[in-house]
Every structure is written in C-alpha cells, then in structure tokens.
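Report on the structure
Residue strings, one per chain:
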Amino acid sequence: QVQLVESGGGLVQPGGSLRLSCVASGSILSIYDMGWFRQAPGKQRELVAVIFPSGRTNYAGSVKGRFTISRDNAKNAVHLQMNSLKPEDTAVYLCNGFISTTTGGTTTYWGQGTQVTVSS
C-alpha cells in the first residue's frame, strides 16, 4: 500500500505565502508524475500544478507566476510554494502521485488534503 500525507495548510492573509508538502510512503517502486489539485466548496476539483520525472512542470493559468511546484525524489516528496495568495485560492489542496509499487501495478494515489484559507 501507498500513503500520501500533505502538510502546510492554514489561514493566511491576502498577499501572503504558504508552502505545502506531500510525502509518499509505503511499498513504492517508482514515482512518476506528481501533482497538486484543489477543490473549493461547490466547485469541481481542478489541477493546480504537475511535475514530471524530468522536472518539467505545468501550471494552471490562474496560479502561473505565483505558485512553484518542486519535488525531492530522495524523500518521495512534492512541494508547492504559494506566493501572492488571493481569496480565490481558498480550497482543500490535495496531492497525487502516479506510482508503481513493489507488489505490482501502477496507479494514481491521493492524499487526504490540507485546507488553505486566504482571508483578512
């Protein structure tokens, strides 16, 4: 089994910064794509950013230039540095990873999510 655990969420004022982290553990053989999604109340889950094994990244247009995704392959971790936060960034942020396991098979695993609230 594989677990993804997020941390770093919280309450921040508009214009502030937060750094989210997600660590994968368990019967991991390889981790391919890793990404961050978010879901606000009453809205669909949306992709925020993804990072590929090569280090190439993609971002949603709404966060480009403000958020930075990075990964630490040695620690099976992915991070999301969020700057210049806006109230519309308020959501539950979830990480995922496309992971192959030592028990066989490759699939996408999800964390439980961490709440980010941007408010004065």
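A short tour of the structure in this document, coming up. (Residues numbered from 1 in each chain as written. Predicted model: local features only at pLDDT ≥ 70, side-chain atom pairs only at ≥ 80, totals over all residues. Heavy atoms only, no water.)

**Section: the nonpolar core**
Core analysis: the biggest nonpolar cluster contains 30 residues, and Trp36, Leu80, Met82 and Tyr93 have the highest contact counts within it. Put simply, the parts of the chain that give this core at least two residues each are strand 1 (2-7), strand 3 (18-26), strand 4 (28-39), strand 5 (46-51), strand 7 (67-72), strand 8 (77-82), strand 9 (91-101) and strand 11 (114-118). With sequence-adjacent residues up to four places away left out, Leu80 is seen in contact with Leu18, Arg19, Leu20, Trp36, Val48, Ala49, Phe67, Thr68, Ile69 and Tyr93. (Core = buried A, V, L, I, M, F, W, Y, C linked by side-chain atoms within 4.5 Å. Buried < 20%, exposed > 50% of the residue type's maximum accessible area, 1.4 Å probe, protein only. Helix = DSSP H or I, 4+ residues; strand = E, 2+ residues; numbered from the N terminus. Contact = heavy atoms within 4.5 Å.)

**A look at the environment of Phe52**
Along the polypeptide, Phe52 turns up in the loop between strand 5 and strand 6 (57-59). Taking the C-alpha atoms as reference, Phe52 lies 25 Å from Ala40; in sequence the two are twelve residues apart. Not counting the four nearest positions on each side in its chain, Phe52 is found in contact with Asp33, Asn58 and Arg71.

**A look at the state of the cysteines**
Note on terminology: disulfide describes a covalent bond linking the sulfur atoms of two cysteines. If you walk through the whole model with that rule in mind, you get one disulfide. At a sulfur-sulfur separation of 1.9 Å, the disulfide partner of Cys22 is Cys95. One end of the pair, Cys22, is in strand 3; the other, Cys95, is in strand 9, and 73 residues separate them in sequence. Each of the two residues, Cys22 as well as Cys95, counts as buried. (Disulfide = S-S within 2.5 Å.)

**With respect to the sheet that holds strand 7**
Read from one edge of the open sheet, four strands run 1-3-8-7, paired in antiparallel fashion. Across the chains shown, the open sheet's two edge strands, defined by having one partner strand only, are strand 1 and strand 7. In this sheet, neighbouring strand axes are inclined to one another by 15° on average, regardless of whether the strands run parallel or antiparallel. Of the pairings in the sheet, the one linking strand 7 to strand 8 comprises six bridges and is antiparallel in character. Bridged to Ser70 within strand 8 is His79. (Pairing = 2+ DSSP bridges. Axes fitted to C-alpha atoms, helices over the stretch in contact; angles between N-to-C directions.)

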